[in-house]
2 protein chains.
Amino acid sequence: MLHRPDAFDARCPTRQVLDRIGDKWAVLVLILLEQETLRFNALRRRIDSISQKMLSQTLKSLERDGLISRRAFATVPVTVEYSLTPLGRTLAGTVAALTQWAEAHIGEVEDAQRRYDRGEAAA
Amino acid sequence: MLHRPDAFDARCPTRQVLDRIGDKWAVLVLILLEQETLRFNALRRRIDSISQKMLSQTLKSLERDGLISRRAFATVPVTVEYSLTPLGRTLAGTVAALTQWAEAHIGEVEDAQRRYDRGEAAA
DNA sequence: GGATGTTGGTTCCCATTGGATACTAGGGAA
DNA sequence: TTCCCTAGTATCCAATGGGAACCAACATCC
């Protein structure tokens, strides 16, 4: 890879990382795992409305990216624990800033939406 | 809205903001507009591989959320300028931290992917 | 003077994706 | 016996994303 990171070039690997952030489920999983190690169904219960398919898909790709680690125990029924890797922990910190922005500015965003929708209705 | 922001509840408005971040095109537009005001086709030329449809869709929803502002001039052909609002500027700053993370850690992510894929191939 | 290119989009169609539901195995509890 | 638990997978359908064509009104090229 000779060219410097340029997120606006589709071929750039940085874009891959950005696309991963662009996955709402991945973001929610990172936030939860930052606080504690969790099992598959524990994650499912906390993330309202995620499907089993999307959760297992999300976990698999986060594991492939080295952001979370998976440990299975031969209990009955089988137990699987997911936790952040050190790399994942650095990303989770950055992502947390985003959720703080969201919680701080959601009111302004909603106001803007209402203004926009009123204008559209008038036009 | 009585309940406190809880991004894990699908009904929560904070989730809407998170979903907006979860739009890779929106993120790229915010980064570009942080540096300068740009016209429609200027944005299109800089964001490699975005389609006209997705760009106009992205700009429309960013405008609705009060993050960017649109100004049209009655020239021939018509000129349309997009720029960040003050609200959008605060979000762009936060998002920039994310792209810095991406550029700093892309190597580690790629290493992890190669390790994972070798393991999969072996299994 | 016709073809082409410019502007900022919209519309149509198809491929990919996301989500709901059902199913797996191997037991424990009612 | 039937249901529930675990952590997923398989299947099907609806929604979304992207490519290409099209729009008006003019400037420039040949």
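Caption draft 1: Inspection of the overall build of chain A at higher detail. Helices and strands together make up the secondary structure of chain A, namely 5 helices and 3 strands. Each helix and strand of chain A, ordered N terminal to C terminal, gives the series α-α-β-α-α-β-β-α. The globule rule puts the C-alpha radius of gyration for 123 residues at 14 Å, and the 18 Å found for chain A is more than 25% above it. Of all 123 residues assigned to chain A, the portion counted as buried reaches 46%. Taking the contacts inside chain A whose residues are at least 6 apart along the sequence as the reference set, 41% of them involve residues at least 24 apart. For chain A, the computed accessible surface area is about 6700 Å², with 50% contributed by carbon and sulfur atoms. On chain A, the mean spot of the 18 positive side-chain charges and the mean spot of the 16 negative ones are 7 Å from each other.

Caption draft 2: Just the sheet that holds strand β3 (residues 79–84) of chain A, in detail. Residue and element names in this part refer to chain A. Strand order in the open sheet formed by 3 strands is β1-β3-β2, with antiparallel pairing between adjacent strands. Only two strands of the sheet have a single partner each, and these edge strands are β1 (38–39) and β2 (68–73). Two elements, β2 and β3, share 6 bridges in a ladder whose sense is antiparallel. When the sheet's bridge partners are listed, arginine 70 is paired in β3 with tyrosine 82.

Caption draft 3: Molecular detail of the relation of the copies chain A and chain B. By a simple turn and slide, chain A fits onto chain B: the slide is 0.0 Å along the axis, the RMSD is 0.0 Å, and the turn is 180°. In the structure described here, the two chain copies are related by an operation that fits a two-fold rotation axis. Residue Gly22(A), judged by its C-alpha, is the member of chain A lying nearest the rotation axis, at 1.8 Å. Same-surface contact between copies: 100% of interface residues of chain A are shared with the interface of chain B.

Caption draft 4: Molecular detail of the protein's contact with DNA strand D. Around DNA strand D there are 21 residues in total, and Gln52(A), Arg70(A), Tyr82(A), Lys53(B) and Met54(B) lie nearest to it. Protein-adjacent atoms of DNA strand D, using a 4 Å cutoff, are sugar or phosphate at a proportion of 69%. Measuring from a phosphate oxygen of DNA strand D, one finds a side-chain N or O atom of Arg70(A) at 2.4 Å. In the surface near DNA strand D, the residues fall into 8 nonpolar, 6 polar and 7 charged.

Conventions we followed
- Residues numbered from 1 in each chain as written.
- Chains lettered and ligands numbered in written order.
- Predicted model: local features only at pLDDT ≥ 70, side-chain atom pairs only at ≥ 80, totals over all residues.
- Heavy atoms only, no water.
- Helix = DSSP H or I, 4+ residues; strand = E, 2+ residues; numbered from the N terminus.
- Rg over C-alpha atoms; globule rule 2.2 N^0.38 Å.
- Buried < 20%, exposed > 50% of the residue type's maximum accessible area, 1.4 Å probe, protein only.
- Contact = heavy atoms within 4.5 Å.
- Areas by Shrake-Rupley, 256 points an atom, 1.4 Å probe, with all protein chains shown as cover.
- Lys, Arg positive; Asp, Glu negative; His and termini not counted.
- Charge placed at Lys NZ, Arg CZ, Asp CG, Glu CD.
- Pairing = 2+ DSSP bridges.
- Least-squares fit on C-alpha atoms with pLDDT ≥ 70 in both.
- Near = heavy atom within 4 Å.
- Polar contact = N/O pair within 3.5 Å; in protein donor to acceptor, adjacent residues only side chain to side chain.
- Nonpolar A, V, L, I, M, F, W, Y, C, P; charged D, E, K, R; others polar.

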